[in-house]
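Structural overview
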Amino acid sequence: MTNFLYLPPDSLGSTQLKQESVVNIVKTKFVRPPVARMVSLKTLTKAATYIAVGGITAALIMKVKLEDKIRRQPYYKESLKLLRSHQGAVQLLGQPIKDLSFDIGEESKKFGGGKIDSFAVPVRGQKSRGKYYFWAEMEGERWVIRRAELELENEPDRRLLIKAESQME
């Protein structure tokens, strides 16, 4: 059986039946638009894990770099030198005295106007651990440690005065 398609009159005014056009139309397949397929839960889990691990790693690297930047500052070096040279602190903490990781977000709030107020550094020795607090101020081109105190973990209500404000270098 042959299908015919009726086409309107052409420019000459005659009517034509074009059998071959109908055959070509019938043979043409309709192509469906591409359908998005669902991604498996396993693939989504892997992607989420990689993103999480990458993000956490980047955050930790950034934190360590910021801490190292602060540790290289003259006020930080001077304050720890003061702590390590104090006989009472050495006796309470034990040798060697090491500084530990600190909370950058909280400590960065204590900077401003050439002053550092109550910067807290967790410290550890062979005998004990605690927090070392220091106050510093910029005088001219150098930092001066105004006050320093050591608070031991086992005695949080008492502090050892390492340097008083009245003591000048």
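Here the structure is a predicted model, which is why all the values come from computation and not from measurement.

One pass over the structure, following the stated rule, counts 7 aromatic pairs. Ring centres of Tyr75 and Trp143 lie 5.0 Å apart, and the angle between their planes is 65 degrees; on these two criteria the pair is classed as edge-to-face. A residue pair is termed long-range when its members are at least 10 positions apart, and Tyr75 in helix α3 (residues 74–85) and Trp143 in strand β5 (residues 142–152) qualify at 68 residues. Assessed through its relative accessible area of 5%, Tyr75 is described here as buried. Plain terms: the ring middles of Tyr132 and Phe134 are 6.1 Å apart, the flat faces sit at 35 degrees to each other, and that makes the pair tilted. In this structure Phe134 comes out as buried when scored by relative accessible area, which is 0%.

Let's shift gears to the nonpolar core. Core analysis: the largest hydrophobic core is formed by 24 residues, its most contacted members being Tyr76, Leu83, Tyr132, Phe134 and Leu150. If you list the elements that add at least two residues to this core, you get α3, α4 (87–93), β3 (115–124), β4 (129–139) and β5. Counting residues per element, this core draws most heavily on β5, which supplies 5 residues. For Phe134, the contacting residues outside a window of four places in its chain are Tyr75, Tyr76, Ser79, Ile116, Asp117, Ser118, Phe119, Val121, Ile145, Arg147 and Ala148.

This prediction gives the chain a mean pLDDT of 80; 79% of its residues lie at or above 70. By mean pLDDT, helix α1 (residues 19–27) is the weakest element of the chain at 53, and helix α2 (residues 41–71) is the strongest at 92. For residues 11–17, every residue scores under 50 in pLDDT, and the model assigns this stretch 9 contacts once sequence neighbours within four places are set aside.

The next thing to look at is unusual backbone geometry. Pro96 follows Gln95 through a cis peptide bond whose omega is -15 degrees. Here Pro96 shows up in the loop between α4 and β1 (98–99). You will see that Ser118, though not glycine, has its phi angle at about 55 degrees, which is positive. With respect to the helices and strands, the residue Ser118 is situated in strand β3.

Definitions and limits used
- Residues numbered from 1 in each chain as written.
- Predicted model: local features only at pLDDT ≥ 70, side-chain atom pairs only at ≥ 80, totals over all residues.
- Heavy atoms only, no water.
- Phe/Tyr/Trp six-rings, centres within 6.5 Å; stacked < 30°, edge-to-face > 60°.
- Helix = DSSP H or I, 4+ residues; strand = E, 2+ residues; numbered from the N terminus.
- Buried < 20%, exposed > 50% of the residue type's maximum accessible area, 1.4 Å probe, protein only.
- Core = buried A, V, L, I, M, F, W, Y, C linked by side-chain atoms within 4.5 Å.
- Contact = heavy atoms within 4.5 Å.
- pLDDT = per-residue confidence, 0-100.

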